[in-house]
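What the coordinates show
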Amino acid sequence: MGRLKGPRPELADLTTYDAREPHVEINLSANENPANLPHELVANMAKRLPEVAFNRYPDPMATALRTQIADANGLDPGNVIMGNGGDELIFDLMLAWGGPGRTLLSTPPTFAMYEIDAKLTGTTIVEVPRRSKDFSLDEKAVLARLAQGGIDIVMISNPNNPTGNLAPETFLIDVLKATDALVLIDEAYFEFSRHTMRPHMERHPNLVILRTFSKAFSLAGLRVGYLLANEEVVSELTKVRQPYSVDRFSQWVAGMVFRERVVFEAQIQELLRHRDVVEHGLSRIPHVKVFGSEANFVLFRVERAAAVWRDLLHSHGILVRDVSRVPGCDECLRVTIGSERENRAFLTAMEELMRQRRESDMFGTTSNDEHDAATTVLGPLS
Ligand code: PMP
């Protein structure tokens, strides 16, 4: 009989990300853009595809792309580092600034990868939970914890996934002043919120900003993200990163998308209008509490949320994100803003199933549905 030694003990309390894509008609679970790339852009790429030297390794630092991004942000290329999606950059940050004997300050409920990457790298996690009423940050508690010292890296999703709210800029400045720890402000949803900490980079060398092509720029399928940071931070990160993580094709496509980014503006505005419709539509349904959002998704609270999640999926073919088991998000679901048709289908389904529920509650036929464990334990991974 062969034997196999187990892996690092830290893996024991981690779960595999089950990336199975359930076959659903309407997927509003991953904060993706409902629209593929504009047709003309794809047609132009198709014409120019022979330019791509598929046989050659990519430029490790994606010089052309990082220069474009630096120019657009009034920075030098040395202030930009590209990654295989924002996810990889979060991992790189944790590899370089976290690790055994180092500490992350996080403000849950928030993006699940911060905690997962901290665990993977043996980083200690200090949590300062958000207020349960509205998911605002407990500013005093965060600043008090920073004042105690011993924090090496802070990660704040802004707007926050899965709650959708923004932190006050003045508070984020206070955080930057209160610590010499690296402070990641995760602006994955920047193109929707229009709020950025970019103007504070010069004064605060500990500020790092994360952005992604996965949301507003419809490129979740390619995996391209970037950090804006102090040159020294970028230089340290180049020591831990996988040299070829952003492949040649992705660099090429992202470059064209970034160059043509004004064409996405109308679509972003439309999505924001649709978000208002979804927020308003949900808020009119009895027993549904909606949390205001600055991103391309909306969090809402409803009794027996797991049952609502299941009914949406099984009776209406609509997949939303069940975050009801994420500490602090009890009875909450997160819905991504989709196309107009998808949003309408979602609202109609919600109205219908909540009406059915009221009727069955009146006749006392309610059952307490089982939770669908597989979808809930992991929290917002996308
Ligand atoms: N940060 C936040 C807050 C996110 O929600 C996401 C994606 N869901 C990411 C970072 C990473 O996105 P990607 O890896 O697709 O760039």
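Look above for the structure.
Please read these numbers as outputs of a predicted model, since none were measured by experiment. (Residues numbered from 1 in each chain as written. Predicted model: local features only at pLDDT ≥ 70, side-chain atom pairs only at ≥ 80, totals over all residues. Heavy atoms only, no water.)

1. What to know about a negative patch on the surface
There is a patch of like negative charges on the surface, built from D71, D76, E231 and E232. Following the sequence through the fold, D76 ends up in the loop between α2 (63-72) and β2 (80-83). (Patch = residues over 30% accessible without salt bridge, like charges linked within 9 Å, V, L, I, M, F, W, Y side chains within 5 Å. Areas by Shrake-Rupley, 256 points an atom, 1.4 Å probe, with all protein chains shown as cover. Salt bridge = Lys/Arg side-chain N within 4 Å of Asp/Glu carboxyl O. Lys, Arg positive; Asp, Glu negative; His and termini not counted. Charge placed at Lys NZ, Arg CZ, Asp CG, Glu CD. Helix = DSSP H or I, 4+ residues; strand = E, 2+ residues; numbered from the N terminus.)

2. Some thoughts on the site of the ligand
Every one of the 14 residues lining the ligand counts as a neighbour, but G86, D186, T212, S214 and R223 are closest to it. In this structure, N161 approaches the ligand through a side-chain N or O atom, which is 2.8 Å from an oxygen atom. Relative to its unbound accessible surface of 390 Å², the ligand loses 97% to contact with the protein. Looking at the shell around the ligand element by element, the count peaks at three residues for helix α3 (residues 85-97). (Near = heavy atom within 4 Å. Polar contact = N/O pair within 3.5 Å; in protein donor to acceptor, adjacent residues only side chain to side chain.)

3. Considering the nonpolar core
Ranked by size, the top nonpolar core spans 109 residues in total, and within it M82, F213, V257, L282, F346 and M350 carry the most contacts. Built from parts of two domains, this core gets at least three residues from each of domain 1 (21-36 + 265-378) and domain 2 (39-259). Once residues lying within four places of it in the same chain are set aside, the contact partners of F213 are L65, I69, M82, S218, L219, A220, V224, Y226, A254, V257 and F258. By size, the runner-up hydrophobic cluster in this structure holds seven residues, among which are F135, F291, V323 and C329. (Core = buried A, V, L, I, M, F, W, Y, C linked by side-chain atoms within 4.5 Å. Buried < 20%, exposed > 50% of the residue type's maximum accessible area, 1.4 Å probe, protein only. Domains from an automatic or database assignment. Contact = heavy atoms within 4.5 Å.)

4. Let's talk about the packing of aromatic side chains
Scanning the model with the defined rule gives 12 aromatic pairs in all. Their ring planes at 85 degrees and their centres at 5.6 Å tell us that F111 and Y114 sit as a pair that is edge-to-face. Accessibility classification places F111 together with Y114 in one group, the buried group. Here the aromatic rings of Y189 and F297 are separated by 5.1 Å at their centres, their planes lie at 80 degrees, and the arrangement is edge-to-face. With Y189 in the loop between β6 (182-186) and α7 (190-193) and F297 in strand β10 (residues 297-302), the pair connects residues that are 108 residues apart, well separated along the chain. An aromatic cluster is built from F213, F217, Y226, F258 and F264, whose rings are joined through pairwise contacts. Looking at R211, its charged tip hangs above the ring of F190, at a distance of 3.9 Å from the centre. (Phe/Tyr/Trp six-rings, centres within 6.5 Å; stacked < 30°, edge-to-face > 60°. Lys NZ or Arg CZ within 6 Å of the ring centre and 35° of its normal.)

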